[in-house]
Amino acid sequence: MDTRHEDGESAASARAQALHREAIVIDGQGVALLLPVVLIPPAPLDGKTFLERAAASGVTAMNTTLGLGGIATGPDDLRGASGKASSGSSSECKGWRPRSTTT
Amino acid sequence: MQGLASKIDDDLTLLRILHRLGLRVAQLTHNERNAFGCGCLETPDAGLTQLGRACVAELCHLGILVDLAHAGPRTAREAIEQSTRPCIISHANARALRDNPRNVPDEVLRALGARGGVLGVTAYAPFCETTPGVRPTLDDLVDHIEHVGQTIGIDHVGLGSDFFESESEIRFARFTRSYRAATGVYTSPATVYVEGFERIDRFPRLTEALVRRGFSDPDVVKVLGGNFLRVFREAWGEPAAGGGAPPRADDSGGRPAVVRDTQVC
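Parameters and conventions
Residues numbered from 1 in each chain as written. Chains lettered and ligands numbered in written order. Predicted model: local features only at pLDDT ≥ 70, side-chain atom pairs only at ≥ 80, totals over all residues. Helix = DSSP H or I, 4+ residues; strand = E, 2+ residues; numbered from the N terminus. Buried ≥ 20, exposed ≤ 12 C-beta atoms within 10 Å, placed from the backbone. Contact = placed C-beta atoms within 7 Å. pLDDT = per-residue confidence, 0-100. Domains from an automatic or database assignment. Pairing = 2+ DSSP bridges. Core = buried A, V, L, I, M, F, W, Y, C linked by C-beta atoms within 7 Å. Axes fitted to C-alpha atoms, helices over the stretch in contact; angles between N-to-C directions. Left-handed = near helix turned anticlockwise from the far one by under 90°. Nonpolar A, V, L, I, M, F, W, Y, C, P; charged D, E, K, R; others polar.

Caption draft 1: Region of the structure containing the overall build of chain A. Helix and strand counts for chain A stand at 3 helices and 2 strands. Counting helices and strands in the order they occur from the N terminus, chain A gives α-β-α-β-α. Here chain A holds 103 residues, and the buried ones make up 29% of them. When contacts within chain A are restricted to residue pairs at least 6 apart in sequence, long-range pairs at least 24 apart make up 65% of them.

Caption draft 2: Spatial organisation of the overall build of chain B. The helix and strand inventory of chain B stands at 11 helices and 5 strands. In chain B, which comprises 265 residues, the proportion classed as buried is 54%.

Caption draft 3: Fine view of the confidence of the model for chain B. Residue and element names in this part refer to chain B. Counting all residues, the mean pLDDT for chain B is 88, and 88% of those residues have values of 70 or more. In this model residues 249–265 is a low-confidence stretch, pLDDT under 50, and it forms 21 contacts with partners more than four residues away in sequence or in other chains. The complex prediction reports pTM at 0.83, with the ipTM value standing at 0.88.

Caption draft 4: Fine view of unusual backbone geometry. Cis geometry is adopted by the peptide bond preceding Pro44(B), which originates at Thr43(B) and carries an omega value of -5°. Residue placement: Pro44(B) occurs in the loop between β1 (25–27) and α3 (50–62). A positive phi angle, near 50°, is found at Asp46(A), a position not held by glycine. Asp46(A) gets classed as exposed once you count the C-beta atoms within 10 Å, which come to 7. The backbone of His70(B) shows a phi angle near 80°, a positive value even though the residue is not glycine.

Caption draft 5: Just the domain arrangement of chain B, in detail. Residues and elements named next belong to chain B. According to the domain assignment, chain B consists of domain 1 (1–85) and domain 2 (88–237). Between domain 1 and domain 2, the C-alpha centre-to-centre distance is 21 Å. Counting from both sides, the interface comprises 17 residues of domain 1 and, opposite them, 21 residues of domain 2. Residue assignment for the side of domain 1 that touches domain 2 shows that the elements contributing at least two residues are β2 (65–67) and α4 (73–82).

Caption draft 6: Expanded view of the environment of Ala94(B). All names here are of chain B. Within the secondary structure, Ala 94 sits in the loop between β3 (88–89) and α5 (106–114). For Ala 94, a count of 24 C-beta atoms within 10 Å translates into the label buried. Ala 94 sits 35 residues away from Leu 59 along the chain, and the two C-alpha atoms are 26 Å apart. Those residues in contact with Ala 94 that lie beyond four places of it in its chain are Asn 103, Val 104, Leu 109, His 144, His 147 and Val 148.

Caption draft 7: Seen up close, the pairing of strand β4 (residues 118–121) of chain B. Residue and element names in this part refer to chain B. Burial along β4 is two-sided: the residues Val 118 and Gly 120 and Leu 119 and Val 121 are all buried. Summarising the sheet, β3 and β4 pair through 2 bridges and their orientation is parallel. Along β4, the bridge assignment pairs Ile 88 with Val 118. With 3 bridges connecting them, β4 and strand β5 (residues 157–159) associate as parallel partners. What sits directly across from Val 121, in β5, is Leu 159.

Caption draft 8: Molecular detail of the confidence of the model for chain A. Residues and elements named next belong to chain A. Counting all residues, the mean pLDDT for chain A is 69, and 51% of those residues have values of 70 or more. Mean pLDDT per element in chain A: helix α3 (residues 78–87) is the minimum at 56, and strand β1 (residues 26–27) is the maximum at 96. Every residue in residues 35–39 scores below 50 in pLDDT, and together they form 16 contacts with partners more than four places removed in sequence or on other chains.

Caption draft 9: Up close: the nonpolar core. All names here are of chain B. Of all hydrophobic cores here, the largest spans 86 residues; its most connected members are Val 66, Leu 68, Ala 79, Leu 112, Leu 119 and Leu 141. Examining the composition of this core, we find that 8 residues originate from one element, helix α10 (residues 217–236), more than from any other. Counting residues domain by domain, this core receives three or more from each of domain 1 (1–85) and domain 2 (88–237).

Caption draft 10: Region of the structure containing the packing of helix α6 (residues 138–152) of chain B against helix α9 (residues 203–213) of chain B. Residues and elements named next belong to chain B. Relative to each other, α6 and α9 sit at 65°, their axes nearing to 10 Å. Along this stretch, α6 crosses α9, giving a crossing that reads as right-handed. Here Leu 138, Asp 139, Val 142 and Glu 146 of α6 lie close against α9, whose contacting residues are Arg 205, Leu 206, Ala 209, Leu 210 and Arg 213. Tallied by class, residues from the contact of α6 with α9 come to 5 nonpolar, no polar and 4 charged.

Shown next as structure tokens:
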């Protein structure tokens, strides 16, 4: 048995784990959590939600896409959704208030 | 946001509202032609339109990052030239390794890197195949990271998994019927990602694959997120007081000057 090879493997593994623990991990294109029409979050897996699994996987931040007009969700009404968000009437947007602005 | 033009009815004044609602990354096109430019499945790629140029200018002004994933090569190149801030290609791979219309030719990679941008290498299997129709592995994905790093520098490589776990089998089937040229033979969302890096849970495996391939510690950290973080800082800048979009110097109410001029003509 080549113990030097095993030691090398184990060292690489330990180094990767340490790096991953310390690094900022950014997924430049993550999941579509809130498509404007279907509003389907990914299903839980092994009893954990998508975001719980992302966090456990060390993901620090994720670019979450808003939707794919026409191909997957049908026609989107973003203008309507923006209006609902601004008026606070959408259930998804409860608690959301426009921030003050300098303009 | 993907396929921006259709989402805003080509109305650039909506960008300011979307910025206030939190939009920080916008993709000019999906796979098709729209009012801003051409998607990667359009031939020929006619490049960025006049409205597309105005859109890029407005996105840069507001501090919304321009994402050129799905764009055709000419559209992407012209948007990179037009942009005053670094752009990203959030999820695609290298066309030099896998000839797929969604992948990025080296000439576009060079333009992206020269302006400080980042490509997010993606786990989508059709974009990583080494043998057509055979599901690729995590090692094949690392080949793309290595290629982009060697072509434009490791400072311009990131990750964009495109893990689309909310995709149902029915919706996925619709998607693959629409985009056979880009999606290949894969018939299930469960198998359309590279083997070994197929779910959000697998990020630690990618780090280990990079280490085993011989990437240095600083380079691994850059690929995992350091490079995207740099671009986010450059694209978003310091937030304006109150978190709102910066005011424009003119009285256009947010409408880009070039659009106003076009309407006069």
